[in-house]
Amino acid sequence: MLGFALGAVFVGGLFRGFAGIGAALIIVPALTLVYSPVTAVVLMSLIEIPGALQLARTAVREADWRGLAPLCIAAAVTIPIGAWMLAILDADIVRRSIAGMVVLFGAVIATGWRYKGEVTKALSAAIGTVGGFCSGIASLGGPPVVMFLIAKSSNSAQTRAGIIAYFGLTMLLRLAAFGVYDLYKADAFWLSLLLAPVYMSGIWVGSRYFKGVSETVFRRVVVALVLIMGVFALLK
């Protein structure tokens with residue numbers, strides 16, 4: 001059980017290091033196969049703390065906070081709702097909901113779809129609403145937000161800073177919401193201390209040794225893993 005969790009966290013870290021996003025799509029459904037959904041979601045949030053702190057200073061300075069405001073405000077409203085549902089719903093319902101999100105997001109990533117329409121404040125708030133809820137209930141708010149921010153800006157540095165800043169803020173809100181609903185358990189905390197270095201090692205390896213790998217091939221492998229994990233979690 002622990003070996004499987006360590007392997008999933010390392011592979012998720014590899015993808016995060018290579019692509020900058022997407023680790024939760026592998027890690028969360030994999031952890032739900034061996035732990036409860038609450039433990040899996042809380043663990044994902046806890047092991048992200050070191051990386052978020054490392055990147056926070058640059059992101060806070062470079063992010064377009066005015067542009068991020070509708071997204072962040074909407075997410076701040078729905079993250080507690082998602083965390084509340086994580087706390088009260090039956091474990092099997094949460095597990096299958098997480099699996100469904102993973103399969104859906106994995107399928108969208110596989111198609112390479114990008115939003116090309118008009119970007120408005122209302123749309124930003126809508127994306128924040130969905131992303132915040134998914135973040136609160138499953139630590140899976142990334143895909144819709146990343147797709148939106150990529151479509152929103154042509155400045156890659158600002159886009160990256162915006163993604164990091166948004167995820168840093170929502171991580172803090174999610175951790176606070178988990179505390180309010182008493183989702184932290186001692187075993188999850190100690191397990192996170194074991195998993196976090198493995199996750200950071202995966203990020204380090206992915207960022208340094210996978211840059212020469214074909215992005216298309218790597219993406220196909222990762223999407224396949226995401227879909228497999230999602231389907232297994234759905235069928236458990």
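Look a little higher up for the structure.
Computed from a prediction, not measured in an experiment: that's the story for all the values here. Going along each chain's sequence as written, the residues are numbered from 1 onward. Per-residue local features of the predicted model are confined to residues with pLDDT of at least 70, and side-chain atom pairs are confined, for both listing and counting, to 80 or more; whole-chain, interface and lining totals are unaffected and use all residues. Side-chain figures throughout are based on the complete set of non-hydrogen atoms in the structure, without hydrogens or water.

Asker: I would appreciate a short explanation of the overall build of the chain in the present structure.
Answerer: Of the regular secondary structure elements, the chain holds eleven helices and zero strands. Numbering of helices and strands runs from the N terminus; a helix is a DSSP stretch of H or I covering at least four residues, while a strand is a stretch of E covering at least two. When its helices and strands are written in sequence order, the chain yields α-α-α-α-α-α-α-α-α-α-α. Seen through its C-alpha atoms, the chain measures out along the principal axes to roughly 45 × 40 × 35 Å. For every residue, the accessible area (1.4 Å probe, protein chains only) is compared with the maximum for its type, and the residue is labelled buried under 20%, exposed over 50%, or partly exposed between those bounds. Counting all 236 residues of the chain, 46% fall into the buried class. In this description, contact between two residues means that some pair of their heavy atoms is separated by no more than 4.5 Å. In the chain, the share of contacts with a sequence separation of at least 24, taken over all contacts with a separation of at least 6, comes to 85%. Only the protein chains shown count as cover for residues, with accessible areas throughout obtained via the Shrake-Rupley method and a probe of 1.4 Å. Summed over its atoms, the accessible surface of the chain is roughly 11200 Å², and 68% of this surface lies on carbon and sulfur atoms. Under the convention used here, Asp and Glu are negative, Lys and Arg are positive, and both His and the chain ends fall outside the count. One atom stands in for each charge, and that atom is NZ of Lys, CZ of Arg, CG of Asp or CD of Glu. Looking at the chain, you have 18 positive and 9 negative side-chain charges, and the mean spots of the two groups are 8 Å apart.

Asker: Explanation requested: the packing of aromatic side chains in the structure shown.
Answerer: Think of a pair of aromatic rings as described by two things: how far the centres are apart, and how the planes are tilted against each other in angle. Centres within 6.5 Å make a pair out of two Phe, Tyr or Trp rings, where for Trp the six-membered ring is used; the pair is then stacked when the planes are under 30 degrees apart, edge-to-face when over 60, and tilted otherwise. Overall, the coordinates contain three aromatic pairs when judged by the stated rule. Taking the centre distance of 6.4 Å and the plane angle of 75 degrees together, the rings of F178 and Y184 count as edge-to-face. The class of F178 is buried, set by a relative accessible area of 0%. Arranged with centres 5.2 Å apart and planes meeting at 70 degrees, the rings of F189 and W190 form a pair that is edge-to-face. Among the residues examined, W190 registers a relative accessible area of 57% and is labelled exposed.

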